[in-house]
Structures are given as structure tokens and as C-alpha cells.
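Coordinates in review
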Amino acid sequence: MKKYILLTLISFLLYNCKLEQTTKITGVVADKGMVVSAREEASKIGVEIMQKGGNAFDVMMATELALAVAYPYAGNIGGGGFMVYRMKNGDVGALDYREKAPLASTRDMYLDVDGNVIPGKSTVGAMAVGVPGTVAGVFEAQKRFGKLSPAQIIAPVVALAKRGVIVTKKQEARIKKYQKAFELVNPGFNLFNKNIKEGDTVKYNALANTLERIAKNGRDEFYKGETAQRFVQFMQESGGIISLKDLRKYEAKWRTPVSFEYDNLKVISMSPPSSGGVCLAQIMNGVEPFDLASYGHNTTKTIQIIAEAERRAYADRSFFLGDPDFVKIPLDTLISKNYTKNRMSDFSFENATKSSDVSYGNIEIIESNETTHYSIVDQFGNAVSVTTTLNGGFGSKLYCADLGFFLNNEMDDFSSKPGVPNSYGLVGAKANEIAPEKRMLSSMTPTIVEKDGNLHLVVGSPGGSTIITSVLQTILNVHEYGMGMQEAVNQPRFHHQWLPDVVMIEPNKFDSITKAELGGLGYVIDERNSRVIGKVDAILVLKNGKLEGGADPRGDDTAVGF
């Protein structure tokens, strides 16, 4: 009898173990349309606009502006971003609304009389601010492709700002982390209560008023109207150099996206001044000849192949890439399969390549992680992938209380002193040196993937230099390992960016055997506590035509569909 009970127990445990292994994680599934963003409030407003008959470009405007209210850590009207789109008929394109250096900028504006980088000047306060592009971007996209009026689209965002946003646990932690910086940069700062906590409601009345003027008067309200004048006055009083001429001259710019093939996929991603699409192409070209599926997910061999492809792509990144309106970029060569084949020719499973042996040397990538991404598929079959940012968390920490928004610190994404390490250890390239009206280099990688000619994935992530590798691994999780969208987003991630010569991994997510094997091959593993590598928000078109949203559990991200 005891033997029977024991056998029954073992069978029960084995069955449950097998069940646990085969049970798939599924995200939100919708029939018609979906928005996945960093906050539930923004995703809901996006879907609300869809239900009123709006398309993906109307939803883009609504979601972006709603994130400025609900997620001021990275959502913004004082920053910029990139958008990649695919229409139902297969037409694709990209919009660059990245910030620009002010007209009064100079190459050495962050150096002292001895030629040394002045700590903090490019990261905190008014001198760190680039000319914002967000308002121009959402209006440009909506004007070309949208169906509703801006007033209709912005109305629920204004209502949200006046009603207020409930503070989440993660938001509470962010606000407390930066509270002293807010007060240092903004005397009398009182947007967030010093004792703010989860469950509190924050109202954004000044931002609501600004958005109401923009809804009434259009994009020129921000760049030429009353808001522009009040903004420039604030900047000058704060010690900045942005002028009315800077705002009047700003335009979002349509670009040709980077497109390339991987197996039966066509990947459409952002072109320079973002490095995202170029690096993604190089890495995917590098791993394509290998049978990743047979090696297994996040195994030693798989991590080796991807890390080595990443190492070589990031070595090229800062040397060649910058604003294409200012520098000549060998784009076709960089994304060609022959070029990457040559770059990977010295790869060996026997040991790690040394970054010191991979040209170009001396360009270390240090880029702020605090960006946000959202993905949209509408009921008409159009898709939009958008990454937007203030650069650092709450940008420059400079808050315009009169208008109700934080300002970016994107000037720090330029090379402050090309060729020589600055105080942060960053050595920049001439291609990304500061010049008036130039757009700074970025890693933002809004991406759309087709499979056999049909819409397959909409994907992107925040995370500074880890954006590219987060997008890469999410695509591979679906394509190579057959994962659903939420399952693919949830997976542990790793990252190599050439310099520093380490494989960064999320803590407590990779098994000790794999880490030991990588170490034995010469890889240095960096597993710092609390590391988050990307926060991916993505949409997968299922075989039955429905949409599955993948909202990253590393944040407050939420998928909403209908």
C-alpha cells in the first residue's frame, strides 16, 4: 500500500512538473486593435481613440501625450523620439523627431578653459536641454495619416491631467530617488509632495492648460505661439540658450527606415541619427548563419554567438554613426551580410574575442536608460512603433512649472570631447560632435517585423545602449524559440556593447553552469543587483489574426486591446 501511494505521488509530481513546463504564458489578446505602453492610463486612452474611429497615427498622438502626463519619468512634450510605421498595404516609413542642438551651441560648450569636461553641465539644468521635438513629431504624423481632429485626440489627455494620475509603487520609488535633484535644480519645486506614496493622486493642471492651448492652436502653439514665448523666457531665466528662432526652425523629418532580411522575416527599424536599425541589422546578420534553435534558449553557445555579434556591431556604432544631415554614413555597407560575415570571421566557440582586438577602439558607450516605448496596431491593420525620451530619468531635472513639463538632457548624447575620455569615461567620435541644429546619436530602436510579407511583430524598448539587444532578443525569442509575445518579453536578457568588455546579465536569472562555462571561455560576467535590461512593449499577430500584447513586468507597462 505504501509503495502504491509513493508511486502515485511520484506520478502526480511528474505530471505537474510536465504541466508547468508546457503551460505557455499568454499576454492580453484582442480581436481588433491594441496599445502597449508604460502606463495603463496611456494605453487605455489610445484604445479609446481607436474606438472613436481613430487610426494608429491618431492613437500615437494620444498615447504619446498621455505618457507625458502619466509617466513624466520618460514620457514627455519636452523631449523627442522616433517612429517607424507600416500601413495595412505594406508601405513603410520612419519619422525623426529627435531633439536638436540649439543654434548657440558650440563643439566645446561643455569644456572648461583647460579643455576638461565640466561635470554635470551636459546632464543637469538648462544647458543640457536640446530643442524639443515631441509636439512637432506627433502633429506631423497625425497630419499626414490621421483621421480625427487633434482637439478630439487631446481632449481625454487633458481630462487625465486634470483628474490626476495615481502613483504606483515603482513611480513612488523614482520620485523619491530624484526629489533632492528636483529641489536643487528648481527652487520652490512642489509638483511632487515630499511624502508622496503609492496610491496618492498627482494632478497636472499646468500641463493640462498647455495641452489645451496646443489642442486649440496646433503644433505652432508650442513652436511659435504663447507657449513658445513662455518656454523661451523660462529657459533664458534658467540659464539656457534655446531661443525663439530655435523653436521656429524646428521640424520633424521623414526618413527611410533601415530594412533587412532574416530568414523569412523582413525587419524594418529606425535609421540614423538612431543607431538602432543599423546595429540590429549587423547583429542579426551576424547570428543568422548559426542554428540558434538547436543550441537552445540562453545556452552558453547561444549567448556566445549573440554576444560576439553584438561586440562587433557596437564597435562600429559610434565611429560611423551620427546625424546623416551632417555626416556621411556607409549605411549599405554596414547592414550588408557580406560585411558582417567578414566581421564574424574570427569568431570561435573555443574562447571569447577580446574587445581590444576588435576595431574601432576607445569609444565607450554610456547612454541613459530612462526612455519609454509604445507599440500600436489599429483596427485597420496599420502598425506604429515609437520610442520617445527625455534621456535621463526626468531628463535634465529642470521643470517648467508655468507650462507643466520636464525638459530633456539630450545634449549629453553628443560627444562632449571627441577622441578624449570625459569625466564619465566616455570617448566620443567626431561623427557625433556637437554642432548647431544637429541631432544627437541615439540607440532607440522602434521596430516592425513582417513574416512572409505580412505584419508579424511591433516591438521596442527603453534602456539606453541595451535597447538594441532587448529588441533583438525579443524577436529571436519569438522566431527561433516559438514563444508567444508575453513569454518572449518576460525572458531574462543579457547584453554586450563591446566596451566595457563584459557580458551584462539580469541578476538571478541565469543558471550557474552557464555562467561558469562562459567564464571558462574568457567572458567576464557582470551581474549587478537590480539591473534591468530593457522594458519591452510589443505586439504579435497570431496565426488566427488576433493580437497578443507583451507588456514588460519590469515596469508598470500595460497592454490594452479591444
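Below is a summary of the structure that appears in this document. Given the structure is predicted, the values throughout are model-derived calculations rather than measurements. (Residues numbered from 1 in each chain as written. Predicted model: local features only at pLDDT ≥ 70, side-chain atom pairs only at ≥ 80, totals over all residues. Heavy atoms only, no water.)

1. Looking at empty space enclosed by the protein
All told, the structure shown has six cavities of 30 Å³ or more when counted by the stated rule. Its volume calculated, the second largest cavity comes out at about 80 Å³. Lining the second largest cavity are 13 residues; nearest its centre among them are A68, P72, G404, F405 and F406. (1 Å grid on protein atoms, 1.4 Å probe; cavity = no way out; pocket = protein on both sides within 12 Å on 5 of 7 lines; lining within 4 Å. Points joined across faces, edges and corners; volume = space filled by probe spheres on them.)

2. What about the layout of surface pockets?
Of the pockets and cavities examined, the second largest pocket occupies roughly 280 Å³. Lining the second largest pocket are K451, D452, L455, H456, V478, H479, L540, V541, L542 and K543. Sorting the residues of the lining of the second largest pocket by element identifies β15 (454-459), α16 (467-479) and β19 (537-541) as the ones contributing at least two each. Classifying every residue of the lining of the second largest pocket by side-chain character gives five nonpolar, two polar and three charged. (Helix = DSSP H or I, 4+ residues; strand = E, 2+ residues; numbered from the N terminus. Nonpolar A, V, L, I, M, F, W, Y, C, P; charged D, E, K, R; others polar.)

3. What to know about the packing of helix α3 (residues 56-70) against helix α5 (residues 150-163)
Where α3 contacts α5, the axes come no closer than 9 Å and their chain directions differ by 20°. By the angle between their directions, the pair α3 and α5 is classed as roughly parallel. Seen from above, α3 lies across α5 with right-handed handedness. When α3 is examined against α5, the residues D58, M61, A62, L65, A66, V69 and A70 are found in contact with a partner set consisting of P150, I153, I154, V157, L160 and A161. Partitioned by chemical class, the residues of the contact of α3 with α5 number twelve nonpolar, no polar and one charged. (Axes fitted to C-alpha atoms, helices over the stretch in contact; angles between N-to-C directions. Parallel < 35°, antiparallel > 145°, perpendicular 65-115°, else oblique. Left-handed = near helix turned anticlockwise from the far one by under 90°. Contact = heavy atoms within 4.5 Å.)

4. What about the environment of N209?
Among the structural elements, N209 can be located in helix α7 (residues 205-217). With a relative accessible area of 39%, N209 lands in the partly exposed category. A sequence separation of 48 residues divides N209 from A161, and the C-alpha atoms of the two residues are 9.1 Å apart. (Buried < 20%, exposed > 50% of the residue type's maximum accessible area, 1.4 Å probe, protein only.)

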